[in-house]
Amino acid sequence: MNDLTYIKPQNLQEALAELSKKNEATYILAGGTDILISLKEGNIKPQYLLDISELSEIKGIKQEGEYLVFGAATTMQSIAESPIVKEKLPCLVSAAIQMASPQIRVRATIAGNLVTGSPIADTVPMFRALDTVLEIQGTGKKREVKLDDFILGYRKVDLAAGEMVTAFKVPLLKANQKANFIKVGRRNALAISVLNMAVKLTFAADKTVESARVVLGGVAATSVRAKNLEAFLTGKKMTEEVVLEAGNVVLQDATPIGDIRATAEGRKVLLSSRMVRLLEEFIN
Ligand SMILES: Cc1cc2nc3c(=O)[nH]c(=O)nc-3n(C[C@H](O)[C@H](O)[C@H](O)COP(=O)(O)OP(=O)(O)OC[C@H]3O[C@@H](n4cnc5c(N)ncnc54)[C@H](O)[C@@H]3O)c2cc1C
């Protein structure tokens, strides 16, 4: 702890320059709700902490064509309260508001929720189901990567030393698309998820499902696409029978483990029943 230097850059360019100079020894500090705990518990030993929480270039939400673009340091509370998100992507409000408590949400950022690679991070399934693209910057270089490809494994993401996530580009929902998120915790507030899940469906003119994106958190080492369920829903009308059967099909997509929050068997029962509840909203 004695050797730790705190750095607060004035702008993004300065932040990227600091990151590239100091490389692996530097840890990014955004809201601090994860990293400060890891630091206190001695799980990480950075030499430099680079505070990006107030960089205006990576905060805020704006519409660019067919996308809503979220600065990576946008907080959960800003999403929950944003009129444009409420209008264009209300499913993200639903995900943000179910995360932690108001005290955490005013600090916690979307990039911070993602970069730790936790399989139960609450906003990841919804951003994934929406087919989000991440913007990543290092000094002198910028790249884009789909969130589906960014998550590599348990607590592993596609981010090199010297790089930071700068924005989330989320396609707007079209008139024939619907999406939502559900979290299952052991209590209503301040609960780490036992499971979480997000669905986005695109409907054809005859109301059959043209395409489906379903993402599950808490059922494997990373959040996962429920490919069997996606295939099952495609081409079907969302009826009560289909939704009930979907509750069985989703179990083919999950290999949950038991831990302090739920047994593996308990997770399966919850996954099936909560998926049915989530999909009931899509019956038309
Ligand atoms: C009491 C409590 C309750 C919680 N409840 C929940 C919950 O219900 N659901 C949930 O999902 N999480 C929960 N969390 C975890 C945490 O709040 C979230 O994961 C949060 O979104 C982390 O964001 P942050 O800005 O605080 O990240 P930080 O702690 O600042 O950073 C987390 C990690 O991301 C890296 N990082 C941050 N920003 C960037 C960037 N732009 N580019 C590259 N790397 C970056 C940091 O270097 C660090 O490794 C809880 C935490 C606490 C303390």
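This structure is a prediction, so every number in the text was calculated from the model and none was measured.

Some words on the overall build of the protein
Looking only at helices and strands, one finds 12 helices and 14 strands in the protein. Each principal axis of the C-alpha distribution contributes one length, and for the protein these read about 60 × 45 × 30 Å. Out of the 284 residues belonging to the protein, those deemed buried represent 40%. Residue pairs in contact within the protein that sit at least 24 positions apart in sequence constitute 63% of those at least 6 positions apart.

Observations concerning the domain arrangement of the protein
Domain boundaries in the protein define domain 1 (5-51), domain 2 (56-171) and domain 3 (177-280). A C-alpha centroid distance of 21 Å is found between domain 2 and domain 3. Counting residues at the interface gives 22 residues for domain 2 and 24 residues for domain 3. Counting residues per element, the ones that place at least two in the side of domain 2 that touches domain 3 are α5 (90-97), α8 (124-129) and β8 (151-153). At five residues, α8 tops the list of elements feeding residues into the side of domain 2 that touches domain 3. Partitioning the side of domain 2 that touches domain 3 into residue classes produces 13 nonpolar, five polar and four charged.

Let's talk about the site of the ligand
Near the ligand lie 29 residues; those nearest to it are Ala30, Gly31, Ala100, Gly112 and Asn113. Of all the secondary-structure elements, those providing two or more residues to the shell around the ligand are β2 (26-29), α2 (35-40), α7 (110-115) and β10 (164-171). The dominant element in the shell around the ligand, judged by the number of residues it contributes, is α7, at four residues. Of the residues in the shell around the ligand, the class split is 19 nonpolar, seven polar and three charged. Looking at which domains feed residues into the shell around the ligand, each of domain 1 (5-51) and domain 2 (56-171) supplies at least three.

Considerations on the sheet that holds strand β11 (residues 177-185)
The four strands lie next to each other as β11-β12-β13-β14, forming an open sheet whose pairing is antiparallel. Each edge of the sheet is formed by a strand with only one pairing partner; in this case those strands are β11 and β14 (224-225). By the bridge criterion, two bridges tie strand β13 (residues 209-217) to β14 in an arrangement that is antiparallel. Within the sheet, the bridge partner assigned to Val215 lies in β14 and is Arg225. Sheet strands in contact with α5 are β11 and β12 (193-203), and its direction is about 10 degrees off that of β11. Lying over the sheet, helix α12 (residues 264-280) contacts β11 and β12, oriented at roughly 35 degrees with respect to β12.

Conventions we followed
- Residues numbered from 1 in each chain as written.
- Predicted model: local features only at pLDDT ≥ 70, side-chain atom pairs only at ≥ 80, totals over all residues.
- Helix = DSSP H or I, 4+ residues; strand = E, 2+ residues; numbered from the N terminus.
- Buried ≥ 20, exposed ≤ 12 C-beta atoms within 10 Å, placed from the backbone.
- Contact = placed C-beta atoms within 7 Å.
- Domains from an automatic or database assignment.
- Nonpolar A, V, L, I, M, F, W, Y, C, P; charged D, E, K, R; others polar.
- Near = placed C-beta within 6 Å.
- Pairing = 2+ DSSP bridges.
- Axes fitted to C-alpha atoms, helices over the stretch in contact; angles between N-to-C directions.

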